Amino acid sequence: METIGIIGAGAIGSAFARALARQNINVVIANSRGPDSLAGLVADLGPTVRAGTVQQAAAQPMVLVAVNWSRLPEALSGLSDFAGRIVIDANNAIKVPEFEAVDLQGRASTEVFSEWVPGARVVKAFNHLLARLLEADPTSEGGKRVLFLSGDDVQARDEVAQLIERLGFFAVDLGPLSVGARLTQFPGGPLPVLNLVKFD
């Protein structure tokens, strides 16, 4: 698998990077403070993970974005058209530190997010599970921990599902964003924070 970009080095971004590093997948991770601020995290994660700029992370074939909602427009501003690359929306529309829902006027959070990543094939994933579970061994409870995904591009969904399976999780495809993104968005959806395990 080619290198995966991560924009955002908070709880979810770091947990995702850790899960990728376990499988020796190359990662470029970036935050708003610059590559030097990530030296400790990169050293901890190992040789397949390197710090970069937001532009370098965004240039990868698949990019996960996990940034505090209020900072998303600034974090994604100035990036060129994604030209069909896959962007994983791992964000939740909550105010930090108040932990209150952002009023999106009835729109799904991924619908709003998609406007900030023009040209991207957006897949909603990795947002519904607590970071500590995302970075933990997905088979530690005797089965495979479940991760949901949704998106309007079938091929993009397939590629993200393959990544989820490679990381040791069990992928559940919820279909298009109009259905799946609302089921997994937090707050509002019924699926976030559920720690579900698939047993054979």
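The name that an unreviewed UniProt entry assigns to the protein chain is NAD(P)-binding domain-containing protein, with the source organism given as Pseudomonas bijieensis.

The next thing to look at is the packing of aromatic side chains. Counted according to the given criterion, the structure contains three aromatic pairs. Between the aromatic rings of W69 and W116, the centroid separation amounts to 5.3 Å while the plane-to-plane angle is 55°, which identifies the pairing as tilted. Linking W69 in the loop between β4 (62-65) and α4 (72-76) with W116 in the loop between α5 (109-115) and β8 (121-125), this pair joins segments that are 47 residues apart in sequence. Under the relative-accessibility criterion, W69 is labelled buried at 7%. Its relative accessible area of 23% is what places W116 among the partly exposed residues.

In this section: the nonpolar core. Grouped together as the largest cluster of nonpolar side chains are 40 residues, with contacts concentrated most on F16, L20, I29, F126, V160 and L167. Ranked by the residues each element gives to this core, the list is headed by helix α1 (residues 11-22), at seven residues. Beyond its immediate chain neighbours, meaning those up to four positions away, L167 contacts F16, A19, L20, Q23, I25, F126 and P138. Core analysis: the second largest hydrophobic core is formed by 21 residues, I7, V54, F113 and V117 among them.

Criteria and thresholds
Residues numbered from 1 in each chain as written. Predicted model: local features only at pLDDT ≥ 70, side-chain atom pairs only at ≥ 80, totals over all residues. Heavy atoms only, no water. Phe/Tyr/Trp six-rings, centres within 6.5 Å; stacked < 30°, edge-to-face > 60°. Helix = DSSP H or I, 4+ residues; strand = E, 2+ residues; numbered from the N terminus. Buried < 20%, exposed > 50% of the residue type's maximum accessible area, 1.4 Å probe, protein only. Core = buried A, V, L, I, M, F, W, Y, C linked by side-chain atoms within 4.5 Å. Contact = heavy atoms within 4.5 Å.

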